[in-house]
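Chain and residue survey
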Amino acid sequence: MDVYLPIANLSVNGLVIVGLGALTGILSGLFGVGGGFLTTPLLIFYGIPPTVAAASAATQVTGASVSGVLAHNRRGGVDYRMGGVLVVGGIFGALIGAGLFSFFQSIGQIDVVINILYVFMLGSIGALMLKEALAALNIRQSKSQQRAAKRRHHPLVAALPYRWRFYGSGLYISPLAPLILGLGVGILTMLMGVGGGFMLVPAMLYVLGMSGKVVVGTSLFNILFVTMATTMTHALTTKAVDLVLAALLLVGSVLGAQFGTRLALKLKPDLLRLALATIVLLVALRMLFGLSIQPDEVYSVVNL
């Protein structure tokens, strides 16, 4: 089933795009990540221009997040107060990211910037995830060691003023910490077409010290609103959102998120982290290889 993408100006197999969306949805339900960190590179590998891939992937991440939030909400897995602070930071970050996106687009370097950001982010985070997953699989901790390893928020977070109680997460910390975290995620969402969950989930666990019970649902809640703001900003400024591409991705992601949420309850978490880390590193290596070869077209289209 071939379909034409007007903004991308090419024809693609619609079933392949729906399949990519389904993969995004499954990852969203399993790990609390938007999945855009894989969707955007895979679209680029498939021949979609990086600018269109990044802008359109943010759209379908919204659909996967809606489905995932509803599923996690049914079991009390969303801290709405924490999510609200993250969303405020994320919206401001999206506005900053829009300015950066337009600047790099105006000088014809946005495609290179997107690829470099993906290599750096996926490579560093994938390596950390792989290290932790292997350690969890190889080391059997005693009960006393497990108690000693209980998550605490970072000392820098503890030093921030104006503390609030986040009852859903069991925390008493400054709202400035999640606000700053949301700001960074918003910038990345705008530039890379990602939900930011692949960075947000580890930060919520190891920096904020949130309970694992609410991390995935709260991450998806934040991703939902930030990607909505990002999509609107892209549509009004960069005009790089391909509605046909986004719709095909959206169909697959909504269905995949429900399946991923059910699957997360059945599979061993350590094995899931190992699988995700491996996928992330493979994508980072493939994008690094892509940066090392000369493209067929050495110029980028610039909006004047």
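Just so it is clear, the model here is predicted, and its values are computed rather than measured.

1. A look at the packing of helix α4 (residues 80–106) against helix α10 (residues 212–236)
The geometry of α4 relative to α10 is characterised by a closest axis approach of 8 Å and an angle of 30 degrees between their N-to-C directions. With respect to their mutual orientation, α4 and α10 come out roughly parallel. In this structure, α4 crosses over α10, and the sense of that crossing is right-handed. On the side of α4, the interface is formed by Y80, M82, G83, G84, L86, V87, G90, I91, A94, A98 and F101, while α10 contributes T218, F221, N222, F225, V226, A229, T230, T233 and H234. Of the residues contributing to the contact of α4 with α10, the split by class is 12 nonpolar, 8 polar and no charged.

2. Considering the UniProt feature "transmembrane region" (unreviewed entry) in the chain
As annotated by UniProt and renumbered to match this structure, "transmembrane region" (unreviewed entry) occupies residues 12–38, 44–71, 83–104, 116–137, 171–191, 203–228, 240–259 and 271–289. Overall, residues 203–228 shows 81% helix and 0% strand. The separation of its end C-alpha atoms is 22 Å. The span residues 240–259 carries 85% helix and 0% strand; its end-to-end C-alpha distance comes to 30 Å.

3. What to know about unusual backbone geometry
Its identity is not glycine, yet Y162 carries a phi of approximately 60 degrees, on the positive side. When its relative accessible area of 67% is taken as the criterion, Y162 is described as exposed.

Reading guide: rules and limits
Residues numbered from 1 in each chain as written. Predicted model: local features only at pLDDT ≥ 70, side-chain atom pairs only at ≥ 80, totals over all residues. Heavy atoms only, no water. Axes fitted to C-alpha atoms, helices over the stretch in contact; angles between N-to-C directions. Helix = DSSP H or I, 4+ residues; strand = E, 2+ residues; numbered from the N terminus. Parallel < 35°, antiparallel > 145°, perpendicular 65-115°, else oblique. Left-handed = near helix turned anticlockwise from the far one by under 90°. Contact = heavy atoms within 4.5 Å. Nonpolar A, V, L, I, M, F, W, Y, C, P; charged D, E, K, R; others polar. UniProt positions renumbered as here; feature names shortened; annotations may be inferred. Buried < 20%, exposed > 50% of the residue type's maximum accessible area, 1.4 Å probe, protein only.

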